[in-house]
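# Reading the structure
These are the residues of each chain, in order.
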Amino acid sequence: MASELINRRHEADQPSADAYYPRPIKPWFSITRPMRYMLREQRLLFVLVGIAIATLVFTTFPRSTHYGIRPDEESYVPSFQAQRRPSLEYLNRMGGAAATGGKIPLGLKRKGLRVVVTGGAGFVGSHLVDRLMARGDTVIVVDNFFTGSKENVMHHFGNPNFELIRHDVVEPILLEVDQIYHLACPASPVHYKFNPVKTIISFFLFFFLIIYFDGNVLVVVVVVFLDYWCVYKTNVVGTLNMLGLAKRVGARFLLTSTSEVYGDPLQHPQVETYWGNVNPIGVRSCYDEGKRTAETLTMDYHRGANVEVRIARIFNTYGPRMCIDDGRVVSNFVAQALRKEPMTVYGDGKQTRSFQFVSDLVEGLMRLMEGEHVGPFNLGNPGEFTMLELAKVVQDTIDPNANIAFRPNTEDDPHKRKPDITKAKELLGWEPKVSLRQGLPLMVKDFRQRIFGDQKEGSSVNTKTTSA
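Residues numbered from 1 in each chain as written. Predicted model: local features only at pLDDT ≥ 70, side-chain atom pairs only at ≥ 80, totals over all residues. Heavy atoms only, no water.

## Looking at the sheet that holds strand β1 (residues 114-118)
- The sheet built from seven strands is open, its strands ordered β3-β2-β1-β4-β9-β10-β15 with parallel pairing. Strands with a single pairing partner mark the edges of an open sheet, and in this sheet they are β3 (162-166) and β15 (377-379). Shown here is a sheet whose adjacent strand axes are inclined to one another by a mean of 20°, direction ignored.
- In the sheet, β1 pairs with strand β4 (residues 179-182) via four bridges, with the strands oriented parallel. Note that in β4 the partner of T118 across the bridge is H182.
- On the sheet, helix α6 (residues 123-135) packs against β1, β2 (138-143), β3 and β4 and is oriented at approximately 170° with respect to β1. (Pairing = 2+ DSSP bridges. Helix = DSSP H or I, 4+ residues; strand = E, 2+ residues; numbered from the N terminus. Axes fitted to C-alpha atoms, helices over the stretch in contact; angles between N-to-C directions. Contact = heavy atoms within 4.5 Å.)

## Some thoughts on the nonpolar core
- Among the nonpolar cores identified, the biggest contains 59 residues, and V117, Y181, V330 and V334 are the most heavily contacted of them.
- Here Y181 is in contact with V115, V116, V117, T118, L128, L132, L254, L365, M366 and M369, once residues within four sequence places are set aside.
- V177, A246, A294 and V374 belong to the second-largest nonpolar core, a separate cluster that totals 25 residues. (Core = buried A, V, L, I, M, F, W, Y, C linked by side-chain atoms within 4.5 Å. Buried < 20%, exposed > 50% of the residue type's maximum accessible area, 1.4 Å probe, protein only.)

## Thoughts on the packing of helix α11 (residues 329-338) against helix α15 (residues 436-452)
- Two numbers describe how α11 lies on α15: the axes approach to 10 Å, and their chain directions differ by 55°. By the criterion of interaxial angle, the relationship of α11 to α15 is oblique. Note that α11 runs across α15; the crossing there is right-handed. Of the residues in α15, those touching α11 at V330, S331, V334, A335 and L338 are L440, M443, V444, F447, R448, I451 and F452.
- The residue makeup of the contact of α11 with α15, split by class, is ten nonpolar, one polar and one charged. (Parallel < 35°, antiparallel > 145°, perpendicular 65-115°, else oblique. Left-handed = near helix turned anticlockwise from the far one by under 90°. Nonpolar A, V, L, I, M, F, W, Y, C, P; charged D, E, K, R; others polar.)

See the structure below:
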């Protein structure tokens, strides 16, 4: 039998009689269906009754609470405002209104700021931390303890508004803060001359081994390169890191510069517009030029990145918590007189300095930070003393019989140093209040306690003499 191939495709294409085709959806069905749902089982009636009850309640009873706060409370602040930290500009505007006699609206009380103080465990930094903590701010101290000490801030341990971080500012750090006081830098000659590289620049030596064959002989050549493009350290890299932090988080940045930017000045007294007379290659230049570079970077960030900055040029400062043997003239004289050692005067003793008490400096720094002026500002006491006059004040305070020993003068030692603080008086309303004869006894008391401990000065000296 021969097979027969039959094409049945035309049969499959014909529709089946039993096939199901849904009716097309009417265009108004999407509107009528929700209406039918609301009309069934008296749902619309219940909705209307609920609206009527709510209207009756809100019209019958007056509104007695708002965001959980009674209207008779003076400090009414919506919850979203209470959780948001006010900006620095806003705080300054409110402070300015208060200072000029304007009234601060109820509920807009000053909130504590988050403030970082680099070098906050040091002499000046620890006193600044005390004032900020007393004001109610949250303070973060960043210090590597090169010259600072934990003892200076130990009395704040356990306070929830205080935090201490052991960190070197030459390494970046990420923090959320409102203000940055940048004090970190070795400031005394003993410290910055001991480590001038860390103070400003680090030179790296790179060693490369070049290996090649000269015939059958293996030759190894060591090539040494001195990196002349330099790596700036505390004064430069540290300042760059803190300026970068200020830029990222929108914080206000205060740089504590120094009167050393004037060098051995040819202008007396020194005003902020004076450019200085600095030896760029002397033994003090690591500090002098480092601070000058830090000022340059600060102003560049201000002009180029719109960072809010403040610059203070600090003159000689003294007070409790100074390093006892840091080489600065006031601490030297006090420590030597207490130990019954001759007070060392370098040169003829006729070079002049101006000395401000640490509390006056802290007040100036805080006024500068909260003010609206960039600076730089001279912060110092215009009272001028020769080294011999300072030695006389120390003798009168500690021991009238203290001796003086003369030594050759140090290199690049300025002959005169006196600040013109007219700008700070006019724009900040600041001037020093504590005289040298008032502040020196407070420093002597602190030094006596740290040198002799609980023992009396005389008993300690007698013990040494007997044992000898």
